[in-house]
Amino acid sequence: VSDPKNSPWVFYLGNALCAFIFLGFSYGSTLAKNLGNRYAPLMLVIITGLPILVSHLLLPTLPALPLFNIEGITLRLLPILFIGLVMTAWLYPWKIMVGFVLGTAGLQITLFLVFPPPASSAVQAALLVTLVRSISFLVVGYFISQLIQQIQFQQDQLAEKNARLTDYADTLERLTISRERNRLARELHDTLAHT
């Protein structure tokens, strides 16, 4: 491949740039504080939207090699999009996780329909891969959401039992102090009565 624009390295550098942007934002604690609740959605857009855009924009320039067909490139997005899936399922409820899966699939489908690759069979293959990925992500996301709900339930139970234990310890401390006062009062009474 003599043309640098058609080099697979441009594709890899584009995706590496997306990863570095994501890492840069993830280490910016002041950015997280300043953005508040908008920080996690921004990170999700960076880790999912940018790689989809970069892959689609650079896809027509890639050489016609076996690993650089549309199916291969679409499947290469799986690990990157999986990070976004785990983040979404960890931070948000099931409905938002479904929205994330449908949103990423919608973005990819929209890009393939608006800017179709030269081969019409490539669009069908990309749509099929996107559909399979979306179904897989829904299943995996469901299980992650269920695990998170179970962890949250266990943490709530633990907090409730910890509160009861703290209350019990306070009651025990007050009872011990009261018993000690009563013992001292009895001894004082007996000593005064004996005297």
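Use the structure listed above.
The paragraphs below set out a description of the structure included in this document. Because the structure is a prediction, the values reported are computed rather than measured.

The rules behind these values
- Residues numbered from 1 in each chain as written.
- Predicted model: local features only at pLDDT ≥ 70, side-chain atom pairs only at ≥ 80, totals over all residues.
- Heavy atoms only, no water.
- Helix = DSSP H or I, 4+ residues; strand = E, 2+ residues; numbered from the N terminus.
- Contact = heavy atoms within 4.5 Å.
- Axes fitted to C-alpha atoms, helices over the stretch in contact; angles between N-to-C directions.
- Parallel < 35°, antiparallel > 145°, perpendicular 65-115°, else oblique.
- Left-handed = near helix turned anticlockwise from the far one by under 90°.
- Nonpolar A, V, L, I, M, F, W, Y, C, P; charged D, E, K, R; others polar.
- Phe/Tyr/Trp six-rings, centres within 6.5 Å; stacked < 30°, edge-to-face > 60°.
- Buried < 20%, exposed > 50% of the residue type's maximum accessible area, 1.4 Å probe, protein only.
- Lys NZ or Arg CZ within 6 Å of the ring centre and 35° of its normal.
- Expected span 1.5 Å × (residues − 1).
- Patch = residues over 30% accessible without salt bridge, like charges linked within 9 Å, V, L, I, M, F, W, Y side chains within 5 Å.
- Areas by Shrake-Rupley, 256 points an atom, 1.4 Å probe, with all protein chains shown as cover.
- Salt bridge = Lys/Arg side-chain N within 4 Å of Asp/Glu carboxyl O.
- Core = buried A, V, L, I, M, F, W, Y, C linked by side-chain atoms within 4.5 Å.

1. Let's talk about the side chain of Thr88
Reasoning step 1: Looking at where Thr88 falls in the secondary structure, it is placed in helix H5 (residues 78-91).
Reasoning step 2: Leave out the neighbours within four places in its chain, and Thr88 touches Leu44, Ile96, Met97 and Phe100.

2. Brief notes about the packing of H5 against helix H6 (residues 94-114)
Reasoning step 1: At a minimum axis distance of 9 Å, the contact between H5 and H6 shows a crossing angle of 160°. The pairing of H5 with H6 is recorded here as roughly antiparallel in orientation. Crossing handedness for the pair H5 and H6: right-handed. Of H6, the residues touching H5 (which contributes Leu81, Gly84, Leu85, Thr88 and Ala89) are Ile96, Met97, Phe100 and Val101.
Reasoning step 2: Tallied by class, residues from the contact of H5 with H6 come to 7 nonpolar, 2 polar and no charged.

3. What to know about the packing of aromatic side chains
Reasoning step 1: Per the stated rule, a full pass over the model turns up 3 aromatic pairs.
Reasoning step 2: Taking the centre distance of 6.1 Å and the plane angle of 65° together, the rings of Phe82 and Phe137 count as edge-to-face. You can see Phe82 sitting in helix H5 and its partner Phe137 sitting in helix H7 (residues 120-194), a full 55 residues away along the chain.
Reasoning step 3: According to the relative accessible area criterion, Phe137 is buried, its value standing at 4%.
Reasoning step 4: In this arrangement the basic side chain of Arg133 is found over the ring face of Phe137, its NZ or CZ atom lying 5.9 Å from the centre.

4. Section: H5
Reasoning step 1: Between its first and last C-alpha, H5 extends 20 Å over 14 residues, near the 20 Å set by a 1.5 Å rise per residue.
Reasoning step 2: Listing the buried residues of H5 in full gives Leu81, Gly84, Leu85, Met87, Thr88 and Ala89.

5. Regarding the packing of helix H3 (residues 39-58) against H6
Reasoning step 1: Relative to each other, H3 and H6 sit at 20°, their axes nearing to 10 Å. Between H3 and H6, the angle falls in the class roughly parallel. In terms of crossing hand, the pair formed by H3 and H6 is right-handed. Contact residues: H3 offers Thr48, Gly49, Ile52, Leu53 and His56, while H6 offers Phe100, Thr104, Leu107, Gln108, Leu111 and Phe112.

6. Points about a nonpolar patch on the surface
Reasoning step 1: A grouping of Trp94, Leu128, Leu131, Val132, Ile135, Val139, Tyr142 and Phe143 is seen on the molecular surface, where their side chains present a nonpolar patch of about 770 Å² in accessible area.
Reasoning step 2: Tallying contributions element by element places H7 first for the nonpolar patch, with 7 residues.
Reasoning step 3: Position of Ile135 relative to the elements: it lies in helix H7.

7. Considerations on the nonpolar core
Reasoning step 1: Formed by Ile52, Leu77, Leu81, Leu85, Ala89, Met97, Phe100, Val101, Leu111, Phe137, Ile144 and Ile148, the largest nonpolar core amounts to 12 residues.
Reasoning step 2: For this core, the secondary-structure elements that each account for two or more residues are H5, H6 and H7.
Reasoning step 3: Among the elements that make up this core, the one with the highest residue count is H6 (4 residues).
Reasoning step 4: Excluding residues that lie within four positions of it along the chain, Ile52 makes contacts with Leu77, Leu81, Thr104, Leu107, Gln108 and Leu111.
Reasoning step 5: If you look at the next biggest cluster of nonpolar residues, it comprises 7 residues, including Phe22, Tyr39, Leu44 and Ile46.

8. Thoughts on the pattern of salt bridges
Reasoning step 1: Scanning the entire structure with this criterion turns up 3 salt bridges.
Reasoning step 2: The partner of Glu180 in a salt bridge is Arg183, with the nearest N and O atoms 2.4 Å apart. Residue Glu180 and its partner Arg183 are located together in helix H7, separated by 3 residues, close to a single helical turn.
Reasoning step 3: Assessed through its relative accessible area of 33%, Arg183 is described here as partly exposed.
Reasoning step 4: Each of Glu180, Arg183 and Glu187 takes part in one network of salt bridges that share partners.

What is shown is where atoms sit, not what they do.
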